[in-house]
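The primary structure of each chain is shown beneath.
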Amino acid sequence: MLRMFRSEWLKIRRSVMWLLIAVSPLIALAFGLFGFKQEGSFPWIEALSLLSALHAMLFLPLLTGIYAALLCRYEHAGGGWKMMLALPVSRTQVYFVKFAVLMLLLAATQLLLLAALLAVGWANGISSPVPWRTIFASLGGGWIACLPLAALQLFASVAFQSFAAPLAVNVICTLPNMLVVNSARVGPYYPWAQPMLAMLPREDYGFGAFNLSLETLTIVVLGSFCVFFAAGWTYFAKRSV
Amino acid sequence: MMLRLLSAEFLKIRKKLLWLLVALGPVGVVGLQAVNFGLRYDYLTKQYARDLWGGLITNVSLLALPAMFIGLAIVASMSAGIEHQTNAWKMTLALPISKRQAFGAKFLLNVLLLFVSCTLLVPFTLALGWALGFAAPIPAGELLRAAYYPFLACMPFVALQSWLSVTFANQALPLTVGIIGMIAAMFGSRFPDWMPWKWPLLVNAWHEPLYSVGLGLLLGAAVFLIGMLEFARKDVK
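Please read these numbers as outputs of a predicted model, since none were measured by experiment.

Rules of the game
- Residues numbered from 1 in each chain as written.
- Chains lettered and ligands numbered in written order.
- Predicted model: local features only at pLDDT ≥ 70, side-chain atom pairs only at ≥ 80, totals over all residues.
- Heavy atoms only, no water.
- UniProt positions renumbered as here; feature names shortened; annotations may be inferred.
- Helix = DSSP H or I, 4+ residues; strand = E, 2+ residues; numbered from the N terminus.
- Buried < 20%, exposed > 50% of the residue type's maximum accessible area, 1.4 Å probe, protein only.
- Arc of directions from axis to C-beta.
- Contact = heavy atoms within 4.5 Å.
- Core = buried A, V, L, I, M, F, W, Y, C linked by side-chain atoms within 4.5 Å.
- 1 Å grid on protein atoms, 1.4 Å probe; cavity = no way out; pocket = protein on both sides within 12 Å on 5 of 7 lines; lining within 4 Å.
- Points joined across faces, edges and corners; volume = space filled by probe spheres on them.
- Nonpolar A, V, L, I, M, F, W, Y, C, P; charged D, E, K, R; others polar.
- Axes fitted to C-alpha atoms, helices over the stretch in contact; angles between N-to-C directions.
- Parallel < 35°, antiparallel > 145°, perpendicular 65-115°, else oblique.
- Phe/Tyr/Trp six-rings, centres within 6.5 Å; stacked < 30°, edge-to-face > 60°.
- Lys NZ or Arg CZ within 6 Å of the ring centre and 35° of its normal.
- Buried area = accessible area lost by both parts, 1.4 Å probe.
- Polar contact = N/O pair within 3.5 Å; in protein donor to acceptor, adjacent residues only side chain to side chain.

Participant: Which parts of the structure should I look at to understand the UniProt feature "transmembrane region" (unreviewed entry) in chain B?
Facilitator: Residues and elements named next belong to chain B. UniProt's feature table lists "transmembrane region" (unreviewed entry) at residues 55–82, 107–135, 147–166, 173–191 and 211–232, given in the numbering used throughout. Along residues 55–82, the helical share is 100% and the strand share 0%, with 40 Å between the first and last C-alpha atoms. End C-alpha atoms of residues 147–166 are separated by 27 Å, and the span's content is 95% helix alongside 0% strand.

Dropping the structure here:
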């Protein structure tokens, strides 16, 4: 298993992937540096809301799709699937490793956003102590809320040879976010809105350390994750390459 | 000549997902607004009581703009992807056509596909308005302006995305540029007037949408020419 991670690492090392990982945190950083004004009594929370709004509503879901498509790019180009599956590895292993790498890339993006947040706080000279718990709930919650999206995007990326087709699937599902996040009725049930809802720090409700309620977390996030992941996995296990 | 090139381009995208996307864009935008108006009918009709059609058109273009920005990036990437995926640039350029013509044909194809998409917006919006029971005088001029002015004003981005998609074999780059463009366009109203991302919003200091359209067409032509010259000099794989 470890070797498979190393082979994936070899494929993405020195690719444009690293450039893309930095895109959203850098834009959030620019937003924070120019747009942030220290006003209220919870400057860190405000900075976090400002930085994560754009990042979570559009960038995070859309970048998930780009990462997934990039991870499958080598295999789609030049018959790499045949080559890879001719090695002594099972398809299940291949699929699980791809998914794990995808989630690791998303985690790296979230960590860079944390760095951007700290940089904004430092540049603005926020003196109050860093509310680590809230920040990690937001970043970690956003990461977990990406699970179903990542599963569906990996499915689409494995299925379509074209790079843009899985992204189109992604965009079609992500654009409604702009309306959905404002709706208290539909919002909690729409998988693509979950990263946004999970990342915005809220005080009043939520389960444990998360900004999502327990029902949303289990039914919507984990439920849709299981459906999408199982669908992608069985598809990949059965398809001819 | 150009006509024959275009028909070749259309042949390449026959029965491809591309057409589905071109139709899906406007269907999705109007469909979402149908849900929006359906769920909040009383609230929205009260808010736009003085001009129901105008309110509908405003709401549709609010969503249509980001959809158009990301849609044109995807369309450009997919139409260039046909050659990238099969490593067929050499084949295409080995035909008795110049590289400039090949580039022009791709650009024109993207423009036409986007045109189809924007045109479909008109009947769909009309259908939604009638389905919601809005009264008769349809603001035809306003509707057509809302469909075609942003399309013309975003020509620089069609040219840019066509260029990037053709230049880079790895489509992650042009698509990321497209995503950034879409998000920039959503905040367009905060930008100064000279920023191209603001033009498709048709807002400017003179309150004259045609200025934005004209600027878009001019810069679009410039980007197209630069891209064409660069592509003509470049070696293909």
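Participant: Would you mind going over helix α1 (residues 2–12) of chain B with me for this structure?
Facilitator: Helical periodicity: at 3.6 residues per turn, an α-helix aligns residues three or four positions apart in one direction. Residues and elements named next belong to chain B. When we look at burial in α1, the residues that qualify are Leu5, Leu6 and Glu9. In a view along the axis of α1, the buried residues occupy a sector of 100°, so they form one face of it. Across α1 from its buried face, at more than 90 degrees, point the exposed residues Leu3, Arg4 and Leu11. Those residues of α1 hidden inside the fold are in contact with α6 (99–131).

Participant: Where do I start with the nonpolar core in this structure?
Facilitator: A general feature of soluble globular proteins is that nonpolar side chains tend to end up buried together. Within the largest apolar cluster, 145 residues are counted, with the highest numbers of intra-cluster contacts made by Tyr67(A), Phe99(A) and Ile74(B). Beyond its immediate sequence surroundings of up to four residues, Phe99(A) is in contact with Leu147(A), Ala150(A), Ala151(A), Leu154(A), Phe225(A) and Phe229(A).

Participant: How do you make sense of empty space enclosed by the protein when you look at a structure like this?
Facilitator: In this approach, a probe sized like a water molecule rolls over the atoms, and the result shows the empty space that is left. What the rule picks out here adds up to 2 cavities of 30 Å³ or more. What the largest cavity holds in volume is close to 60 Å³. Contributing to the lining of the largest cavity are Ile57(B), Val60(B), Ser61(B), Leu121(B), Val122(B), Thr125(B), Leu143(B), Ala146(B) and Ala147(B). Secondary-structure elements contributing two or more residues to the lining of the largest cavity are α4 (52–85), α6 and α7 (140–153) of chain B. Residue composition of the lining of the largest cavity, by class: 7 nonpolar, 2 polar and no charged. Of the voids in this model, the second largest cavity is the one considered here, and its volume is about 30 Å³. Every residue lining the second largest cavity is listed: Ser24(A), Ile27(A), Ala28(A), Phe31(A), Leu51(A), Leu54(A), His55(A) and Phe59(A). Mapped onto the lining of the second largest cavity, the elements with two or more residues apiece are α2 (17–35) and α3 (43–71) of chain A.

Participant: Sorry if this is basic, but what is going on with the packing of α2(A) against helix α9 (residues 172–186) of chain B here?
Facilitator: The relative placement of two packed helices is expressed as an angle between their axes plus a distance between the axes. Direction vectors running N to C along α2(A) and α9(B) enclose 10°, while the axes themselves pass 11 Å from each other. In terms of axis orientation, α2(A) runs roughly parallel to α9(B). Seen from α2(A), the contacting residues are Leu19(A), Leu20(A), Val23(A) and Ile27(A); seen from α9(B), they are Ala172(B), Leu173(B), Thr176(B) and Ile180(B). Grouping the amino acids of the contact of α2(A) with α9(B) by side-chain chemistry returns 7 nonpolar, 1 polar and no charged.

Participant: Quick question: what am I supposed to make of the packing of aromatic side chains here?
Facilitator: Two aromatic rings, taken as a pair, are described by how far apart their centres are and by the angle between their planes. Scanning all chains against the criterion turns up 27 aromatic pairs over all chains. Arranged with centres 5.4 Å apart and planes meeting at 50°, the rings of Phe155(A) and Tyr235(A) form a pair that is tilted. On the criterion of sequence distance, the pair formed by Phe155(A) in helix α8 (residues 147–159) and Tyr235(A) in helix α12 (residues 214–238) is long-range, its members being 80 residues apart. When the ring of Phe115(B) is compared with that of Tyr148(B), the centres are 5.4 Å apart and the planes differ by 25°; the resulting orientation is stacked. Placement of the pair is Phe115(B) in helix α6 and Tyr148(B) in helix α7, with a sequence separation of 33 residues. In textbook terms, an aromatic cluster arises when at least three aromatic residues are bridged by ring pairs, as seen for Trp81(A), Tyr95(A), Phe96(A), Phe99(A), Phe225(A), Phe229(A), Trp233(A) and Phe236(A). It is Lys99(B) that lies over the ring of Phe231(B); its NZ or CZ is 5.7 Å from the centre.

Participant: Looking at this structure, I do not really get helix α9 (residues 164–174) of chain A. What am I missing?
Facilitator: For α9(A), the buried fraction is high: 9 of the 11 residues fall into the buried class. Buried residues belonging to α9(A) abut α3, α8 and α10 (177–180) of chain A together with α2 (17–39), α4 and α9 of chain B.

Participant: Mind showing me how you'd approach the interface of chain B and chain A here?
Facilitator: By a frequent convention, interface size equals the accessible area lost on bringing the separate parts together. The partner chain A presents 30 residues to the 28 residues of chain B that form the contact. In total, about 2500 Å² of surface goes out of reach between chain B and chain A, with carbon and sulfur atoms giving 86% of it. Seen at the junction of chain B and chain A, the total is 1 residue pair in polar contact (both at pLDDT 80 or more). Considering every element that reaches the side of chain B that touches chain A, the biggest residue donor is α9(B), with 9 residues.

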